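Residue strings, one per chain:
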Amino acid sequence: MARERPPGRGCGALSRCLLGAALLLGLRLFAELRRAGPGSPAYSAPPGPAWRPPGPHLPPAPGSPRGASRRQVIYVRSGRRMPPGGGGSGTLEPSCCAPRGSPRRKGPRWHIDLQPWAGPAQSLDEEAWRFLRYISTTQIACNHMNTDSLATDSSPTHKPWSVCLDDRFNLAHQIRNKQCRLYSLGLGSDDTHFELSMANNGCEVHRFDPSAKSAHILESQHLWYHRLSIDWRDPHPAVAAQKPHSNTRKLGSILNEFGHHKIDVLKADLESAEWKVLENLILEDVLEQIGQLIFEIHLHWPGFEVSGSDSSVVRFWYSLLKELEQKDFRLFYSYKDLSKPQLFLKKDIFNASSCYTLSWVNTRWK
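Residues numbered from 1 in each chain as written. Predicted model: local features only at pLDDT ≥ 70, side-chain atom pairs only at ≥ 80, totals over all residues. Heavy atoms only, no water.

Kindly report on the nonpolar core, identifying the contributing residues and their values.
Residues Phe131, Leu251, Trp275, Leu299, Trp317 and Phe344 are the most contacted members of the largest nonpolar core, which totals 52 residues. Top element by residues in this core is helix α8 (residues 310–326). It accounts for 8 residues. (Core = buried A, V, L, I, M, F, W, Y, C linked by side-chain atoms within 4.5 Å. Buried < 20%, exposed > 50% of the residue type's maximum accessible area, 1.4 Å probe, protein only. Helix = DSSP H or I, 4+ residues; strand = E, 2+ residues; numbered from the N terminus.)

Below is the structure:
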């Protein structure tokens, strides 16, 4: 007589088999996921081209096998656009860290930092008093100063252009070694006594004057004349295309064209264009290439492309000169030209002259 199976025994065996198979499948799937690494998709994509978000895409790198897996890295830049062409050089330019020991390249500046108002009234008297006191007070002593023709009779023929020849500022050393370079910016002035004197002492002198008869003239062994005028902007590209020999350039452009990296002395008599030219030198960091500055400033009107109320104009002038101080330039000589009208923005204020000659030395110059 056959023995009967207890009810439900066969079902239990079947359940255990299914549970074991599911456990083995789970272990195998877990092992595959571990081998594939984190972030891998848990499903296989259907055949066909992979979906990409809309927008420009870079082609695969040359030499990469098709279908090879690559990790995608996204670099986040702070407020800077990539150069044209997507930066195909392959070198990263992190915005945070410049190589140790090399200067950090600064971004372009579009305007100078205006100084606070001289007083609560924001009046012309307050601004003029602060400005005139500033340009009349030297900031550093120069023991050996070459004062060219300091006119006691207020003669307008020769002007007192002064350079500092203290050994600590290196100009005297450059002159002795015949390695001095002077740039002279002028507008049709016949006064070349200072340039001739520096050239005779062995300086390489470049005088820029749009009234010169030829494009480039070697007047003597060390004295060049260039039919160029220094401006605070380069010609518009459309104008430059029509006039490839335009005679207007920024000083920074001239330095690049001539291959000059340093100017020991920059002398400028620009007849009221000095404010905008000085602003350009500050904004484009050209000052770092200059050892000494000699500027004739004109105060009878605001100057070319300088506008605003009288008090805001003087505040702008003062802010420019404070930028020089922040760049480690120090005023060592100030000359008040009594031969010129005593006008300050067309007004008689504080017995001011309409013309001053100022000399600064770059205290970091090597």
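I'd like to hear about the sheet that holds strand β5 (residues 216–218), residue by residue, with values.
Reading across the sheet, the 8 strands line up as β5-β6-β4-β3-β9-β10-β12-β11 and stay open at both edges, with mixed pairing between neighbours. Edge positions in the sheet fall to β5 and β11 (329–336), since each of these pairs with one other strand and no more. Each neighbouring strand pair of the sheet contributes to a mean axis angle of 15°, computed without reference to strand direction. Strand direction decides the pairing type here: β11 and strand β12 (residues 355–362), joined by 7 bridges, are antiparallel. Residue pairing for β12: Tyr335 is matched across the bridge by Thr357. Helix-sheet contacts for helix α6 (residues 251–258) involve β3 (181–186), β4 (204–208), β5, β6 (223–226), β9 (263–269) and β10 (290–298), and the interaxial angle to β3 is about 135°. (Pairing = 2+ DSSP bridges. Axes fitted to C-alpha atoms, helices over the stretch in contact; angles between N-to-C directions. Contact = heavy atoms within 4.5 Å.)

Give a description of the packing of aromatic side chains that names residues and reports values.
One pass over the full model with this rule turns up 10 aromatic pairs. With a centroid separation of 6.0 Å and 80° between ring planes, the pair formed by Trp317 and Phe344 is classed as edge-to-face. Taken together, the residues Trp317 in helix α8 and Phe344 in the loop between β11 and β12 connect sequence positions 27 residues apart. The same class applies to Trp317 as to Phe344, namely buried. Above the plane of the ring of Trp365 lies Lys262, whose end atom (NZ or CZ) is 5.2 Å from the centre. We note Arg315 situated over the ring of Trp117; from NZ or CZ to the ring centre the distance is 4.4 Å. (Phe/Tyr/Trp six-rings, centres within 6.5 Å; stacked < 30°, edge-to-face > 60°. Lys NZ or Arg CZ within 6 Å of the ring centre and 35° of its normal.)

Outline helix α4 (residues 193–200), listing residues and values.
Those residues of α4 not exposed but buried are Phe194, Glu195, Met198 and Ala199. An end-on view of α4 places all buried positions within 130° of arc, on one side of the element. Where α4 ends, the next residue or the one after it, Gly202, has phi of about 105°, a positive value. (Arc of directions from axis to C-beta.)

Go over the state of the cysteines with me, naming the residues and quoting the values.
Under the definition given, this model contains 2 disulfides. The disulfide partner of Cys142 is Cys164, and the S-S distance across this bridge is 2.1 Å. Between Cys142 and Cys164 the sulfur-sulfur dihedral comes to about 110°; the bridge is accordingly right-handed. Taken together, the residues Cys142 in the loop between α2 (124–135) and β1 (145–147) and Cys164 in strand β2 (residues 162–164) connect sequence positions 22 residues apart. When the bonded cysteines of the protein are numbered from the N-terminus onward, they pair as 1-2, 3-4. (Disulfide = S-S within 2.5 Å.)

Give a description of the environment of Asn362 that names residues and reports values.
Note on placement: Asn362 falls in strand β12. The spacing of Asn362 and Leu331 is 31 residues in sequence and 9.2 Å in space, taken between C-alpha atoms. At 3.1 Å, the side chain of Asn362 and the backbone oxygen of Ile290 are in polar contact. (Polar contact = N/O pair within 3.5 Å; in protein donor to acceptor, adjacent residues only side chain to side chain.)

An account of the pairing of β9 is requested, with residue identities and associated values reported.
β9 sits mainly inside the fold: 7 of its 7 residues count as buried. Two strands pair when backbone bridges link them, and β3 and β9 are joined in this way by 5 bridges, in the parallel orientation. Residue pairing in the sheet places Leu185 in a bridge with Ala268 of β9. Here β9 runs beside β10; their pairing, made up of 5 bridges, is parallel. Counterpart to Leu266 in the pairing with β10 is Leu293.

Summarise the confidence of the model for the protein; cite the residues concerned and give the values.
Averaged over the protein, the pLDDT score is 77; the fraction of residues at 70 or greater is 67%. For residues 39–105, every residue scores under 50 in pLDDT, and the model assigns this stretch 15 contacts once sequence neighbours within four places are set aside. Considering only residues more than four positions removed or in separate chains, one finds that residues 149–157, a stretch of pLDDT under 50, has 11 contacts. (pLDDT = per-residue confidence, 0-100.)

An account of the packing of helix α7 (residues 274–283) against α8 is needed here, citing residue identities and associated values.
Running from N to C, α7 and α8 point in directions that differ by 40°, and their axes come no closer than 10 Å. Viewed along their axes, α7 and α8 adopt a mutual orientation that is oblique. Regarding α7 and α8, the two cross each other, and that crossing is left-handed. Contacts from Trp275, Leu278, Glu279 and Ile282 in α7 reach Phe316, Trp317, Leu320, Leu321, Glu323 and Leu324 in α8. (Parallel < 35°, antiparallel > 145°, perpendicular 65-115°, else oblique. Left-handed = near helix turned anticlockwise from the far one by under 90°.)

Residue-level account of a nonpolar patch on the surface, with values.
A contiguous nonpolar surface patch, about 330 Å² in accessible area, is contributed by Leu23, Leu24 and Leu27. Structurally, Leu24 is set in helix α1 (residues 9–36). (Patch = residues over 30% accessible without salt bridge, like charges linked within 9 Å, V, L, I, M, F, W, Y side chains within 5 Å. Areas by Shrake-Rupley, 256 points an atom, 1.4 Å probe, with all protein chains shown as cover. Salt bridge = Lys/Arg side-chain N within 4 Å of Asp/Glu carboxyl O.)

How would you explain the packing of α2 against α8 if you had to name every residue and give the values?
For any two helices packed against each other, one specifies the inter-axial angle together with the distance between the axes. Where α2 contacts α8, the axes come no closer than 9 Å and their chain directions differ by 30°. With respect to α8, the element α2 is oriented roughly parallel. Where α2 crosses over α8, the two elements pack in a sense that is left-handed. Contacts from Leu124, Glu127, Ala128, Arg130, Phe131, Tyr134 and Ile135 in α2 reach Asp310, Ser311, Val314, Arg315, Trp317, Tyr318, Leu321, Lys322 and Glu325 in α8. Here the contact of α2 with α8 is built from residues that sort into 9 nonpolar, 1 polar and 6 charged. (Nonpolar A, V, L, I, M, F, W, Y, C, P; charged D, E, K, R; others polar.)

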